[in-house]
Amino acid sequence: MWIDITLIISGIVIIFIICSSFYLFKAGWGGIYEMIYGTFIFNYIYYLSLYNIHNPTLINILLFYLAPIVFGIITIICLLHKKETRHLGIPVIISYFITIFAIGYSIFYHYLMVFIPLLVLTTSYIFFTKTKFTYILGMAMVLYFFHTGYDAIDHLAFRMMGKQANTKINDGFHRFVSSLPLNERGSIYNEGMSHNIGPGLFASENICQCNRILYKRHLDYSSNLREYEATHGIKDLQPTWVLTQSPNPKTSDDYMAQNYTLADSIPGGEFDPIWCWKKNNEH
């Protein structure tokens, strides 16, 4: 047991040293601080802020964890069904409880992905028992996944075939980026695109936005990020392009209103359109 614990701790330390060395080389001690802040500190700030916003009830929390709780019970039943696996019951129960408490009460469905290893374990034990009852449970799990994760499965199928799901916003963003000279593709400022859309669109075109903040709402949670944005915003970077996302083209930033002109737009499909503003002296 002590050898296993030592190996686990050693693995954590080695990865931390490698990552810290990279950021130290790229940005000095400030880079290491930003790595720790972005990986750990901000997440705790974000977590506490969301609780104050959502303030979920016990019923909300129980409904959110309904699927993991059910799958945990199924796993326990499967483990107890066979004498060879009964000794694994307590470790699995503890694993489910630890995972539930680790997520907390933010109630974002994409957080449930941390249960994937345990769900794989559940599926394995269902088929290991080789009984009609557990096969029925297994089929129920598959149907549940297809019902709740259809979009994810659909996108996965497209990517396995070397394609992407055909959406207006993806096609429109590709058309916009393709129309830009190479020197302008690295000067696109994300002023207000949805955090669910922006990073994926930039990644699909193999480019990066020129500003640090992916989701403006994060500024509401962190004084550290607000201070950074105050000195590294549009005025400092002066990007060629600025992208906003809303039902209508508008901006509340005085500097942007005076120095940028609406030059293009990207249909949003099921989302709000993306508005493309170009720096006036770049015409």
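See the structure printed just above.
Quick caveat, the model's predicted, so the values are computed rather than measured.

## Some words on the packing of aromatic side chains
Inference 1: In total, this model carries 9 aromatic pairs according to the counting rule given.
Inference 2: An angle of 70° between the planes, with centres 5.3 Å apart, marks the rings of F173 and F202 as edge-to-face. With a gap of 29 residues between them, F173 in helix α8 (residues 168-178) and F202 in helix α9 (residues 198-204) connect regions that are remote in the sequence. Of the two residues examined, F173 and F202, each falls in the buried class.
Inference 3: For the pair F176 and W241, a centre-to-centre distance of 5.2 Å together with 85° between the ring planes defines the contact as edge-to-face. Taken together, the residues F176 in helix α8 and W241 in strand β2 (residues 241-245) connect sequence positions 65 residues apart. Judged on exposure class, the residue F176 and its partner W241 are both buried.
Inference 4: Through pairs of rings, three or more aromatic residues link up here, namely Y33, Y37, F42, Y46 and Y221.
Inference 5: Taking NZ or CZ as reference, R212 lies 4.7 Å from the ring centre of Y228, over its face.

## Thoughts on the layout of surface pockets
Inference 1: When its volume is computed, the second largest pocket comes out at roughly 450 Å³.
Inference 2: Counting residues per element, the lining of the second largest pocket draws most heavily on helix α1 (residues 2-54), at 9 residues.

## Focus on the pairing of β2
Each regular strand carries side chains that alternate between the two faces of the sheet.
Inference 1: Within β2, 5 of the 5 residues are buried, which leaves it mostly tucked inside the rest of the structure.
Inference 2: Judged by which residues are buried, β2 turns out to be covered on both faces: W241, L243 and Q245 on one side and V242 and T244 on the other are all buried.
Inference 3: Bridge analysis of strand β1 (residues 188-190) against β2 gives 3 bridges, and the strand direction is parallel. Note that in β2 the partner of N190 across the bridge is L243.
Inference 4: Here 5 bridges tie β2 to strand β4 (residues 274-279), and the two strands are oriented antiparallel to one another. Within β4, the position partnered with Q245 by the bridge is I274.

## Remarks on the sheet that holds β2
Inference 1: Strand order in this open sheet of 4 strands is β1-β2-β4-β3, and the pairing throughout is mixed. Each edge of the open sheet is held by one strand with a lone partner, namely β1 and β3 (260-266). Averaged over all pairs of adjacent strands, the angle between their axes in this sheet comes to 30°, without regard to strand direction.
Inference 2: Here α8 sits on the sheet and contacts β1, β2, β3 and β4; the angle it forms with β3, its principal contact strand, is near 130°.

## Observations concerning the side chain of E229
Inference 1: Residue position: E229 is located in helix α10 (residues 223-231).
Inference 2: With residues up to four places along the chain from it excluded, the contact list for E229 reads Y189, I213, K216 and L219.

## Some words on the pattern of salt bridges
Inference 1: For the structure shown, the criterion picks out 5 salt bridges.
Inference 2: We note a salt bridge from E34 to R212, for which the minimum N-O separation is 2.8 Å. Remark: R212 occurs in the loop between α9 and α10 and E34 occurs in helix α1; sequence separation between them is 178 residues.
Inference 3: Through salt bridges with shared partners, a single network forms among E191, K216 and E229.

## Let's talk about the side chain of T244
Inference 1: Along the chain, T244 falls in strand β2.
Inference 2: Accessibility expressed as a relative area gives 7% for T244, which makes it buried.
Inference 3: Within polar-contact distance, the side chain of T244 engages the side chain of W277 at 3.0 Å.

About the thresholds
- Residues numbered from 1 in each chain as written.
- Predicted model: local features only at pLDDT ≥ 70, side-chain atom pairs only at ≥ 80, totals over all residues.
- Heavy atoms only, no water.
- Phe/Tyr/Trp six-rings, centres within 6.5 Å; stacked < 30°, edge-to-face > 60°.
- Helix = DSSP H or I, 4+ residues; strand = E, 2+ residues; numbered from the N terminus.
- Buried < 20%, exposed > 50% of the residue type's maximum accessible area, 1.4 Å probe, protein only.
- Lys NZ or Arg CZ within 6 Å of the ring centre and 35° of its normal.
- 1 Å grid on protein atoms, 1.4 Å probe; cavity = no way out; pocket = protein on both sides within 12 Å on 5 of 7 lines; lining within 4 Å.
- Points joined across faces, edges and corners; volume = space filled by probe spheres on them.
- Pairing = 2+ DSSP bridges.
- Axes fitted to C-alpha atoms, helices over the stretch in contact; angles between N-to-C directions.
- Contact = heavy atoms within 4.5 Å.
- Salt bridge = Lys/Arg side-chain N within 4 Å of Asp/Glu carboxyl O.
- Polar contact = N/O pair within 3.5 Å; in protein donor to acceptor, adjacent residues only side chain to side chain.

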